[in-house]
Amino acid sequence: MTFSKTHILFLFLIGFIIKGSIHAQTENVRERVFIDVNSNDLLVGETLQYAAFNLSHSTSKISQLSKFLYVELIGEDGVVFQRKHELINGKAHGDFFVPSDITTGQYYLVAYTRWMRNFNDVSKVPLVFINPYKGHKNADSVAVATNVLFNTLSGEIVANEANQVVFKVTQGQKTIASKGRIIGNEQRIADVSSNAAGLGYFEFTPKADVNYQLLLEQPNGGFEFFDLPKVKTDGIGLNISHSSELIEALPIGNVMGGNVTIKHQGETVFERTVQSSFPMRIEREDLPKGILTIAFSDSQGNEQFSAPLFNTAIQQTEGAISATTRTTVNVAEELPKGSYSISVRKQFNKHLPEQHATFAKHSLTFPKGLNLNEQQQATIFQSFQSKPIPETVDYLPEYRYQLLEGQLVTDGGNAPISGQNVILSLTGESTINMSVGKTDKNGKFLVEYTTVNRGIPTSAHLSINDFEHEYTFQVQNNFVDHSFSFSPVIIDTTQLESIRQRSIISQIDNAYFTPTLDSTGIKNSVLPTIAAFNASYEFDDYVRFRSLKQHFVEYIPFAGVRERKDGKRFVVYSVDEGVKFETSPLILLDGVPVNGADLLEFSPYRIKSVDILNKRLFFGSLIRDGVLSFQTIEGNLGGFNINSNHLGFELLTPEPNSTPKNFEPSNNPRIPDTRIQLLWQPDFEVNEAGIQQINFITSDVEGNFELVIEGFAENGTPITIVKNIEVKALSNE
């Protein structure tokens with residue numbers, strides 16, 4: 001549904017984002033989701049656990065614009081699951097037990113809000129699932145040509161200046177480590193190498209009239225030449241160097257009179273005109289923490305280039321915390337006020353790099369342990385173009401309630417489609433749960449509704465209380481149609497032993513520690529649409545008759561049936577003096593509006609009871625003089641056939657709001673404890689900055705574990721903390 005008012009986006013900015021200037025509001029209207037998972041690589045029998053943070057795209061503070069989050073797991077064969085989560089303080093979490101029928105391959109865990117669809121934004125985390133019980137054949141290796149890309153911060157190599165150059169070596173989609181040298185005029189300029197991510201770095205001062213090449217050594221002993229970009233005599237550039245306390249920015253080339261600007265969340269935090277060739281030294285503590293943007297503009301004010309500037313890194317502790325099996329471990333960590341998720345898990349060989357909160361805004365994935373200079377170099381080949389804010393929006397945010405969008409359609413004739421009341425009835429609960437929306441001139445409607453969070457589909461019905469014309473409904477799906485590319489999973493011999501060990505562990509875990517489901521169920525927390533009725537009648541308490549009309553004639557005085565030449569209809573009598581009913585009553589069967597004339601022909605032996613409201617009903621834009629609410633014995637319309645103006649379907653309800661419980665190991669040493677996931681806390685709230693105590697119990701599994709804290713401080717600063725934990729067997733000596 002397109003709400004194509006020229007200023008509707010501005011109106012939402014005014015309504016939902018009050019603080020700051022109009023410019024700041026426009027920048028802050030976008031949302032993004034950071035997804036933290038306990039592991040990117042999982043085996044059959046293991047559990048994927050995830051935590052999602054709904055954030056302002058610009059400030060990284062928790063966003064209150066959307067209340068519901070859509071999460072999907074997608075593989076090459078299609079959708080594995082679709083879920084909806086209610087966001088509590090901007091956060092949600094869930095899990096997925098990897099079943100034995102899943103196929104080895106790459107998958108994506110995808111999350112987004114309805115509002116994010118206006119910007120074509122979705123957040124995704126690549127995953128690899130491995131099924132050791134099904135055969136897996138690696139894709140046939142095909143000889144792929146080696147390719148090398150060169151780049152600088154400005155995109156130009158400047159003559160007669162010291163240039164910082166980054167290169168990337170790939171073979172198809174695979175990055176490779178390599179060695180070589182830079183040559184010019186058949187002379188060696190520098191020895192270079194690339195790491196496992198295919199990235200290499202060197203500095204050199206080129207001459208304008210020399211062609212430079214990379215001589216790259218081949219694994220078979222040969223070599224291959226790659227031309228560097230043409231050197232520019234009038235080029236411009238910017239060299240950036242990081243130290244623990246300073247950021248040094250050195251403009252090179254034809255830059256006099258230009259301007260260097262650093263921005264954070266759209267606001268300028270540093271600006272200086274280039275007056276000399278001396279470097280600009282900026283105190284790191286004078287800049288906000290995070291990934292900033294540095295840009296260079298020429299003397300005419302034209303921006304020549306911009307790039308990310310790193311003032312943040314993963315906080316990784318050197319050395320490992322020592323622990324023994326089957327003991328309680330306490331880790332003290334200082335954290336600012338904010339929201340976090342915490343994972344303690346054994347480390348294995350990984351197929352995919354991890355995503356961290358520190359770099360989530362730009363969807364960057366770095367190997368852990370990179371310093372600031374290496375991070376700066378690694379982003380040279382990344383694109384950081386910001387999307388424009390659309391002038392109109394197609395999807396309203398689910399700010400307080402869930403939204404159902406659709407269109408009322410007629411085959412023609414004189415049936416009016418504008419201003420019609422569309423009623424949504426949710427019949428999966430014990431009380432009446434209805435919502436109403438009104439159609440626009442094109443028949444489009446938007447209905448707000450609430451459900452009980454059960455995590456399963458609930459029966460839903462759309463109807464219109466006009467039974468004189470024929471209508472049909474079209475309903476929009478709130479889930480997105482995705483188009484992803486999937487890379488083949490390659491399992492090499494170095495990973496086979498690790499897979500075998502994990503497979504044994506998961507079998508033991510599932511044999512001893514199968515979780516039990518809560519059989520008490522989830523209570524209905526949704527307030528009934530009609531709070532109270534005037535009268536109620538159980539048909540079994542009275543003599544049953546062959547027609548509904550006879551029941552009203554014999555013992556139901558608050559309502560009746562009138563019969564005229566054009567047919568029969570229900571009427572409700574007003575109990576308020578001076579109030580004369582003028583419109584027909586609302587007739588409900590198991591909470592669904594139906595045609596009273598059709599219901600009068602329905603068998604009364606299938607009716608359990610009727611509730612009567614003898615007052616005028618004001619229900620959104622719908623006004624009715626009284627309500628007759630019938631319930632069938634079965635509670636599912638009892639076989640009543642709604643012939644027209646109706647659509648029955650299912651709506652997915654949000655996942656239940658629950659607190660994950662970490663495993664409590666047995667004191668009996670004869671019961672094995674083979675957990676590799678020692679702790680998962682997806683909703684760790686720090687209400688007061690300071691030292692936080694993180695406790696967990698080790699299992700019988702020895703080896704290297706990793707404590708990872710991901711999240712965001714209250715001011716939006718991303719936090720990633722990694723600590724290594726070495727677990728050894730408890731000595732009996």
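This text follows the structure it describes.
Before going into details, it helps to say that this report is about the structure given with it. All figures in this text were calculated on a predicted structure; none of them were measured in a lab. Position numbers for residues count from 1 along each chain, tracking the sequence in the order it is written. The model is predicted, so local features are restricted to residues of pLDDT at least 70 and side-chain atom pairs to those at 80 or more, both for listing and for counting; the totals for chains, interfaces and linings are taken over all residues. Remark: hydrogens and water are excluded; side-chain values derive from all non-hydrogen atoms of the structure.

1. Concerning the pattern of salt bridges
- Each salt bridge in this description consists of a side-chain nitrogen of Lys or Arg and a carboxyl oxygen of Asp or Glu lying within 4 Å of one another. Evaluation of the coordinates by the stated rule reveals 22 salt bridges.
- Measuring nitrogen to oxygen at the nearest pair gives 3.4 Å for the salt bridge that ties K91 to D683. Pair noted here: K91 is in strand β6 (residues 91-97) and D683 is in strand β41 (residues 677-686), with a separation of 592 residues, a long-range link.
- Only protein chains enter the accessibility calculation, which uses a 1.4 Å probe; a residue whose area is less than 20% of its type maximum is buried, one above 50% is exposed, and one in between is partly exposed. Judged by its relative accessible area of 4%, K91 falls in the buried class.
- According to the relative accessible area criterion, D683 is partly exposed, its value standing at 44%.
- As a salt-bridge pair, R616 and D625 come within 2.5 Å of each other at their nearest N and O atoms.
- By sharing partners, the salt bridges in this structure join E46, R345 and R502 into a single network. In this description a helix means any DSSP run of H or I spanning at least four residues, a strand means any run of E spanning at least two, and both kinds are numbered starting from the N terminus.

2. Focus: helix α4 (residues 493-512)
- Every helix has an expected span of 1.5 Å times one less than the residues it contains. Taking 1.5 Å per residue, 20 residues should reach 28 Å; α4 reaches 30 Å between its end C-alpha atoms and fits that length.
- In this description, contact between two residues means that some pair of their heavy atoms is separated by no more than 4.5 Å. Residues of α4 that are buried in the fold lie against β2 (41-43), β8 (123-130) and β26 (338-346).

3. Remarks on the sheet that holds β26
- Criterion used throughout: strands pair if DSSP finds at least two bridges between them. With mixed pairing, five strands are arranged side by side in an open sheet as β24-β44-β43-β26-β41. The sheet is open, and its two borders are formed by β24 (315-324) and β41, each paired with just one other strand. Each strand of the sheet is rotated relative to its neighbour by a mean of 15 degrees, with strand direction disregarded.
- Two strands pair when backbone bridges link them, and β24 and strand β44 (residues 718-728) are joined in this way by seven bridges, in the parallel orientation. Looking at β44, one finds that T324 is bridged to K728. For helices, the fitted axis covers only the stretch in contact; all axes are lines through C-alpha atoms, and the angles between them, taken along N-to-C directions, range from 0 to 180 degrees.

4. Remarks on the packing of aromatic side chains
- A pair of Phe, Tyr and Trp rings is counted when the ring centres sit within 6.5 Å of each other, with Trp represented by its six-membered ring. The angle between the planes then sorts it: under 30 degrees is stacked, over 60 is edge-to-face, the rest tilted. Enumeration over the complete set of coordinates arrives at 26 aromatic pairs.
- Here the aromatic residues F150, F167, F202, F204 and Y212 are joined through ring pairs into a cluster of three or more.
- Stacked on the ring of F81, the Lys or Arg R83 has its end atom at 4.0 Å from the ring centre.
- Distance and angle both matter: a charge sits over a ring if NZ of Lys or CZ of Arg is within 6 Å of the ring centre and within 35 degrees of the ring normal. Lying across the ring of F348, R502 places its NZ or CZ 4.6 Å from the centre.

5. Quick notes on the sheet that holds strand β31 (residues 457-464)
- The strand order β29-β28-β31-β40 describes an open sheet built from four strands, whose pairing is antiparallel. The open sheet terminates on both sides in strands that have one partner only, identified here as β29 (434-438) and β40 (646-652). Shown here is a sheet whose adjacent strand axes are inclined to one another by a mean of 25 degrees, direction ignored.
- Here strand β28 (residues 421-426) pairs with β29 via five bridges, running antiparallel. In the strand pairing of β29, L424 is matched with S435.

6. Structural notes on the pairing of strand β10 (residues 163-171)
- Within β10, seven of the nine residues are buried, leaving the element largely enclosed by the surrounding structure.
- Note that β10 and strand β14 (residues 199-204) share six bridges and pair antiparallel. When the sheet's bridge partners are listed, Q164 is paired in β14 with E203.
- What sits between the antiparallel neighbours β10 and strand β11 (residues 174-175) is a turn of two residues, in which G172 has the positive phi angle 65 degrees.

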